[in-house]
Amino acid sequence: MIVEYRVLGPLEVLRNGAPVAVPAGRGRVLLATLLLRPNEFVPVDELVERVWDGAPPDPDRAHKTLQTVVLRLRQSLGEANCVRTSTRGYQAEVAPEQLDLLRFRLLAAQGAHGAALELWRGPVLANVRSDSLHAEDVPRLVEEHVLALERRIDADLARSTDVLVPELRSLVREHPLRETFWAQLMLALHRTGRQAEALAAYQEIRTLLADELGADPGPRLRQAQEQVLAGDVSATVLVPRQLPPVHPHFVGREAELGQLTEMLRARPGEPVLISAINGIGGVGKTVLAVRWAHQLADRFPDGQLYVNLRGFDLRAEPLDPVAAARDFLVALGVPAQGLPRSDDAVIAAYRSLLAQRRVLVLLDNARNVEQVRPLLPGGGGSLVLVTSRNRLSGLVVREGAQAVALDVMDEQVATDLLTGRIGAARVAAERDAVSRLVRRCAGLPLALGIVAARATYGDSLTALADELERERLGALDIDDPATGVGAVFSWSLRCVSESAARLFVTLGAHPGPDFTADAAASLAAVPPTTARRALDELVAGSLVARTGTGRFALHDLLRDYAAARFAELPGEQQTAAQRRMFDHYLHTALAANRCAEPRVVWTPLAPPSPEAVVLPVPDVPSARQWILREHRVLLGVLRDMAAAGADDLVWRLAYTMHLTMLREVLLTEIEAAELLGLEAARRRDDVFGVKRMHRALAGVNISKQDYPEAEVHLRAALRCEQEMGNVNGQADVSRGLAHVYEETGQPDRALRLLDSLYPRIAELDAYQRACFVGAYGRAHHQVGRLDRALELCLQAQALFAEISQGGEPAMPESNNIESIADIYADLGRYREAAEHYRAGIAVLRRMNHHLHIASGLVRLAKLSTTAGEPATAAELLTEALAVYERLDRPEAAEVRELLAALPEA
C-alpha cells in the first residue's frame, strides 16, 4: 500500500493512487494543520485554537471534542491514517516521499526549483475553511513558492529568455511590488532585443514604488537598469550547477568516500581523474558519486557539470561525447550559435574553456574509455569523476586515473539503510525478517530502496519477506542471476495499484532518457491526471525517479525490467502503445513546426490516436523550447519508428526538428536524424519526403560549410521538385544551389541557374517570389551588374513588406536588406548604404542572430571608415568584437586588425 498526502493545492490523501475521503470541517482543518508541521507534535491547546478558528468552547469540553474529531478523522482515513498521539499532543507521521511539502522543500534545497514547483497544484489548501490557517500558515508557504519561482527564473535567464517574457509580465501583475520579478522582466526583454521596453518597465516599477511605498528601486532593479543601459547581454547566472540531488537515504560507503577524498588530497592543484567508481548495476555508483561531488562543490567555483552517458541502456545508443561536450559548452555560457561546426573543434573548444576554469565534471554511466577520453579537461584545476560498470583500465594506464571499486553492501550496512527508512523499532522487532529481506536484495541499494519504500507503509516485515521469497521463484532476473533483483522488481510491482503497474510496464516502450507525464499518459492510454497519480505512486515505491527538471526517469535495470515486461504483452497491445507514443511526439512536433514555420506545406497524414496527448504550442518560443527539451527523446523515437517500419512518420518527425536544431548548432544529431528520414522516405518511394530530407540535409551541410555535399543534396532535391512539377519548390532549391555556387566562387554559374527559372516568376507564391527576386538581385551583384541588382533587390524589399504583416522576420528578408546595403556601398552611395545596414542589423536583433549581427556591424564599420567616421567605426567594431570573442569565433582576429588600423579620431 502506498499513501500520499498533498497540501500544495487542495488537501488530498491518496491510497494506491485513489483518493481517500477526508471529512470536511474540523477534521480537515486538523489534518491540514498537522501536515503543515510534519513529524512534529503539535500541542493540544494549539490545535484547539486552530480547529475552532480562535473561538473554542470551554477547555474541558474542547479537549474531549478534539478527541472525537481525531477519532473520526482516523476512521475516515482508514489504512491511510498518519495521526499519532502522545502526551505532547498529536503528530502527522509521514515519510519524505509521502508528503508533497517535504518533497518540495528537499528539491528546493538541492537547487531543483523547476521540479519543486511542479508539485504545486493550485492555491494552498483551497478546500480547507479556516481563517487562522490561511492567515498564519499559508502565507509562509506562498513565500516559499515565490522564492523558488524567482530562483528558477534566474536559472532560466542563464539559458534562454524567449519564453520568459509572457510569464514575467503575468508575475509582475500578480506581484506588483516584487522587485525581483521586475528586474528579471527587464533582463528578459533586453536579451530579446527590446531595450526600450526594458527601460519602460524600470520606469513603471520606479513610479509604482514611489507612489505605493515612498521608496526608491533596490539594488537588484538598479543593477538590471545598468545592464540594459550598458548593452550588457551576459547572463545573470553563468556558473552551471548540474549535479543531481543528493539521495535522501544515503548510508554507509564511508570507506569509499574517504578513499575518494584522500585521492584528491594527494594531488593538490592537479587535474584528478577518478575513473572507476565501478561496480555492477544497482550497486549505488551514481548515488556515491553525486554525494561526494556535492561535498566538494564549493572547491570548484566555476561550476559542476553532469551528464548521463547512457553506456548501458539497452534501448538506445550510448551518448556521443561530442554531444555531451556541446551541451557543456552551452552550460558554461557559450551561445549555441557560437558553437564550432566540426566535432574536433567542439572538443577543442570544450578543453580550452575548462583549461581556464576550476570545474567538477561528473560523467555517469560511461560505457568505455573511448566515450570518456574526449571529455577530459585540457588543463589543471578541474576534477573528473566517472562511474561505470566496467573498470575502464585504459584510463588508469594512460591517463593515470584512480580507481575505486564499489561492492554490494554488507548485511550491517544494508540493515542500517532499512533502519533509516522504516525506523529502529520495527527493525528490532523483526530482526529475522530484516535479515531475510537483506539477503534477498543481495546488498544492492537499488533493491533495498524498493523494499524500504514498500515497508514504509506499515506492513509486517515477516509478511513482506515471505512475499518476496515466493516471488523469487520464477522471477525474471535482468542483471546478475545471483542477485535476484528481478524478484524484487516483480514483487514491488505487485504492491502498487493496477493502473500504476500497467503504466510502468508501458514505460518499457519508451526510448528514454527521460519522459513527461503526458508521454506516459499516451503510452498507457489514460488521461494526464491519471498518469501523474500513477507516476507519483511509482515514485513513492522507488520504481520511478523524478529528475531535477520535473521530468521522470527509470534506473537502467528498471528500464530493462520494464522493457522485458512490455515484451510479454500481446503483440496488438505493444503496437497500439507504441503508436500512441509516436503520435504524442510526432503530432506535438508538427504543432511546433506549424507555429515556427507556418508556410511549410505537408502531405496528408492520418490523425493521432484519440488516447495520444497532443500538446498545444502557443507561440514560436514555446515551439523551439519544446523541441530542445525533447530532442534526445525525439532521436530515440525516430530510431524506434524506423525499427517499427513507420516510415511515413520518420521523415516527418526528422523535419520538424530541423530548424531548431540547426539554430542550436546540433548538426551531428540532426544530420543523423535526417539521414534516417531520407532512408525511410526512399523505402516508401515518397518523392515529397525524399525531397524534403535532401533539402534539409543540404541546409545542415551548408552550416558545416561542406558545400560539395550540400550541392549533392540540393541537386537531388531539385530533381524531386521537377518530377512533382512544383515550381515553388524548384525556386526554393535553386536559391540554395545559387548560394552554394556563390560561396564556392562560381557567381556566373549561380546567375545562369536563376536566369533559367526567372521566366516562371509569375507562377510563384508571394513569399517565394520575394525570396527569389532577392536572390536574383544578389546574383547580379556578385557579377558586377549593380544597377540591375539594385532594381531587383528593391523590388524584393517591397514584396517582403507586402507579406510581412508585422510577423517575425525571415532570414531571406534580412539577407535582402544586407544586399541592398552592399550594392549602395559599391555605388558610393554611403548614406543609403548605412541606412540599410542599420535596418538589417535591427531585423537581426529582433531575430537574436548574434553571429549575423556581428557580421553586419563589421560591414557598417568598414563603410564608416571609408566615409571618414573612425569614431563610429571603432564603436561598431568594438561591439562586433565582443560578440565574436563571446562566441569564440575566428573572425575576432580580423576585427582586432581593423581596430588597430583605424586612424585616430
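Calculation criteria
- Residues numbered from 1 in each chain as written.
- Predicted model: local features only at pLDDT ≥ 70, side-chain atom pairs only at ≥ 80, totals over all residues.
- Heavy atoms only, no water.
- Helix = DSSP H or I, 4+ residues; strand = E, 2+ residues; numbered from the N terminus.
- Rg over C-alpha atoms; globule rule 2.2 N^0.38 Å.
- Contact = heavy atoms within 4.5 Å.
- Areas by Shrake-Rupley, 256 points an atom, 1.4 Å probe, with all protein chains shown as cover.
- Lys, Arg positive; Asp, Glu negative; His and termini not counted.
- Charge placed at Lys NZ, Arg CZ, Asp CG, Glu CD.
- Axes fitted to C-alpha atoms, helices over the stretch in contact; angles between N-to-C directions.
- Left-handed = near helix turned anticlockwise from the far one by under 90°.
- Nonpolar A, V, L, I, M, F, W, Y, C, P; charged D, E, K, R; others polar.
- Buried < 20%, exposed > 50% of the residue type's maximum accessible area, 1.4 Å probe, protein only.
- Patch = residues over 30% accessible without salt bridge, like charges linked within 9 Å, V, L, I, M, F, W, Y side chains within 5 Å.
- Salt bridge = Lys/Arg side-chain N within 4 Å of Asp/Glu carboxyl O.
- Phe/Tyr/Trp six-rings, centres within 6.5 Å; stacked < 30°, edge-to-face > 60°.
- Lys NZ or Arg CZ within 6 Å of the ring centre and 35° of its normal.
- Core = buried A, V, L, I, M, F, W, Y, C linked by side-chain atoms within 4.5 Å.
- Parallel < 35°, antiparallel > 145°, perpendicular 65-115°, else oblique.
- Pairing = 2+ DSSP bridges.
- Arc of directions from axis to C-beta.

J.: Where do I start with the overall build of the protein chain in this structure?
T.: Across its full length, the protein chain carries 43 helices and 12 strands. Radius of gyration (C-alpha) of the protein chain: 31 Å, near the 29 Å computed for a compact globule of 905 residues. By principal-axis analysis of the C-alpha atoms, the protein chain measures approximately 100 × 70 × 60 Å. Taking as baseline every contact in the protein chain between residues at least 6 positions apart, the subset at least 24 positions apart corresponds to 68%. In the form shown here, the protein chain has an accessible surface area of approximately 37,500 Å², with 50% of it arising from carbon and sulfur atoms. Within the protein chain, one finds 101 positive and 117 negative side-chain charges whose respective centroids are separated by 2 Å.

J.: Would you take a moment to explain the packing of helix α30 (residues 647-656) against helix α32 (residues 667-683) for this structure?
T.: Helix packing geometry: the angle between the two helix axes and the distance between the axes. Closest axis-to-axis distance for the α30/α32 pair is 8 Å, and the angle between their directions is 145 degrees. The handedness of the crossing between α30 and α32 comes out as left-handed. Residues D647, V650, W651 and A654 of α30 form the contact with α32, whose own contacting residues are I670, A673, E674, L676, G677, A680, A681 and R683. Here the residues of the contact of α30 with α32 sort into 8 nonpolar, 1 polar and 3 charged.

J.: What exactly am I supposed to notice about helix α21 (residues 445-455) here?
T.: Given 3.6 residues per helical turn, the α-helix brings residues three or four places apart onto the same face. In terms of burial, α21 is largely enclosed, as 11 of its 11 residues are buried. Taken together, the buried positions of α21 are occupied by P445, L446, A447, L448, G449, I450, V451, A452, A453, R454 and A455.

J.: What exactly am I supposed to notice about unusual backbone geometry here?
T.: Of the consecutive residues G512 and P513, the connecting peptide bond is found in the cis state with omega at 5 degrees. Within the fold, P513 resides in the loop between α24 (498-506) and α25 (517-524). Phi angles above zero are rare outside glycine, and N39 is one such case at about 60 degrees. Note on placement: N39 falls in the loop between α1 (26-35) and α2 (44-51).

J.: Help me understand a negative patch on the surface, please; the structure alone is not making it clear to me.
T.: A cluster of acidic residues, E254, D410, E411 and D416, forms a negative patch at the surface. If you trace the backbone, E254 turns up in helix α12 (residues 254-266). Since its relative accessible area comes to 57%, E254 is described here as exposed.

J.: Just checking my understanding: could you explain the side chain of Q768 for this structure?
T.: Relative to the helices and strands, Q768 resides in helix α37 (residues 766-782). For Q768, the residues in contact, after removing those within four places along its chain, are N728, A731, D732 and R735.

J.: Quick question: what am I supposed to make of the pattern of salt bridges here?
T.: Note on pairing: side chains with opposite charge can pair once their charged atoms come close. Under the criterion given, the structure shown has 43 salt bridges. Between E12 and R6 there is a salt bridge, with the nearest N and O atoms lying 3.4 Å from each other. Judged by its relative accessible area of 27%, E12 falls in the partly exposed class. Since its relative accessible area comes to 9%, R6 is described here as buried. Across the salt bridge formed by R859 and E818, the nearest N and O atoms sit 3.6 Å from each other. On the criterion of sequence distance, the pair formed by R859 in helix α41 (residues 850-866) and E818 in helix α39 (residues 811-826) is long-range, its members being 41 residues apart. A relative accessible area of 30% means that R859 is categorised as partly exposed.

J.: What is the right way to read the packing of aromatic side chains from this model?
T.: Working definition: an aromatic ring pair is given by the centre-to-centre distance plus the angle between the planes. Under the defined criterion, the tally for this structure stands at 10 aromatic pairs. Ring plane angle 25 degrees and centroid distance 4.6 Å describe the contact between Y758 and Y776, whose orientation is recorded as stacked. One end of the pair, Y758, is in the loop between α36 (747-757) and α37; the other, Y776, is in helix α37, and 18 residues separate them in sequence. A relative accessible area of 25% places Y758 in the partly exposed class. Through a chain of ring-to-ring contacts, the aromatic side chains of W602, W651, Y655 and F688 assemble into a single cluster. Against the face of F688 rests K691, its NZ or CZ located 4.5 Å from the ring centre. If you follow R692 out to its NZ or CZ, it ends over the ring of Y655, 4.8 Å from the centre.

J.: So what exactly am I meant to see when it comes to the nonpolar core here?
T.: A general feature of soluble globular proteins is that nonpolar side chains tend to end up buried together. Of all hydrophobic cores here, the largest spans 162 residues; its most connected members are L363, F504, L535 and V544. F504 has contacts with L493, L538, L543, V544, L554, L558, Y561 and A562, leaving out every residue within four places of it along the chain. Core analysis: the next-biggest nonpolar cluster, separate from the first, contains 74 residues, Y5, I153, L164 and A198 among them.

J.: Even after reading the chapter, I still don't get the environment of A92, so can you show me in this structure?
T.: As for its placement among the helices and strands, A92 is situated in strand β5 (residues 89-92). A92 sits in the buried class, given a relative accessible area of 0%. Along the chain, A92 and A32 lie 60 residues apart, while their C-alpha atoms are 9.4 Å from each other.

J.: I keep staring at the packing of helix α20 (residues 431-441) against α21 and nothing clicks. Help me out?
T.: In the contact formed by α20 and α21, the axes pass within 8 Å of each other and the chain directions differ by 140 degrees. It follows from the interaxial angle that α20 and α21 lie oblique. Here the hand of the crossing between α20 and α21 comes out right-handed. Taking contact as the criterion, the partners of L437, V438 and C441 in α20 are, on α21, A447, L448 and V451. Residue classes in the contact of α20 with α21 are distributed as 6 nonpolar, no polar and no charged.

J.: Please explain the sheet that holds strand β1 (residues 3-6) as it appears in this structure.
T.: Strand pairing in a sheet takes place through backbone hydrogen bonds and is either antiparallel or parallel in direction. Reading across from one edge, β1-β2-β3 is the order of the 3 strands in this open sheet, with antiparallel pairing throughout. Whereas interior strands pair on both sides, the edge strands pair on one side only; in this sheet they are β1 and β3 (18-19). Sitting on the sheet, helix α26 (residues 528-540) touches β1 and β2 (12-15), and the angle it makes with β1 is about 115 degrees.

J.: What should I look at first to understand the pairing of strand β8 (residues 360-364) in this one?
T.: Residues in a regular strand project their side chains so that they alternate between the two faces of the sheet. With 5 of 5 residues buried, β8 is to be regarded as a mostly interior element. The two faces of β8 match: L360, L362 and D364 on one face and V361 and L363 on the other face are all buried. Where strand β7 (residues 304-308) meets β8, 5 bridges bridge the pair, whose relative direction is parallel. In the sheet register, L305 faces β8, and the bridge partner there is V361. Sheet topology places β8 next to strand β9 (residues 383-388); 4 bridges connect them, and they run parallel. Counterpart to L363 in the pairing with β9 is V386.

J.: Where do I start with α36 in this structure?
T.: For α36, the full list of buried residues reads A750, L751, L753, L754 and L757. Taken around the axis of α36, the buried residues stretch over an arc of 160 degrees, which confines them to a single face. In α36, the exposed positions angled more than 90 degrees off the buried face are occupied by R752 and S756. Looking at the buried side of α36, the elements it contacts are α35 (727-743) and α37.

No statement about biological role is implied by the geometric values presented.
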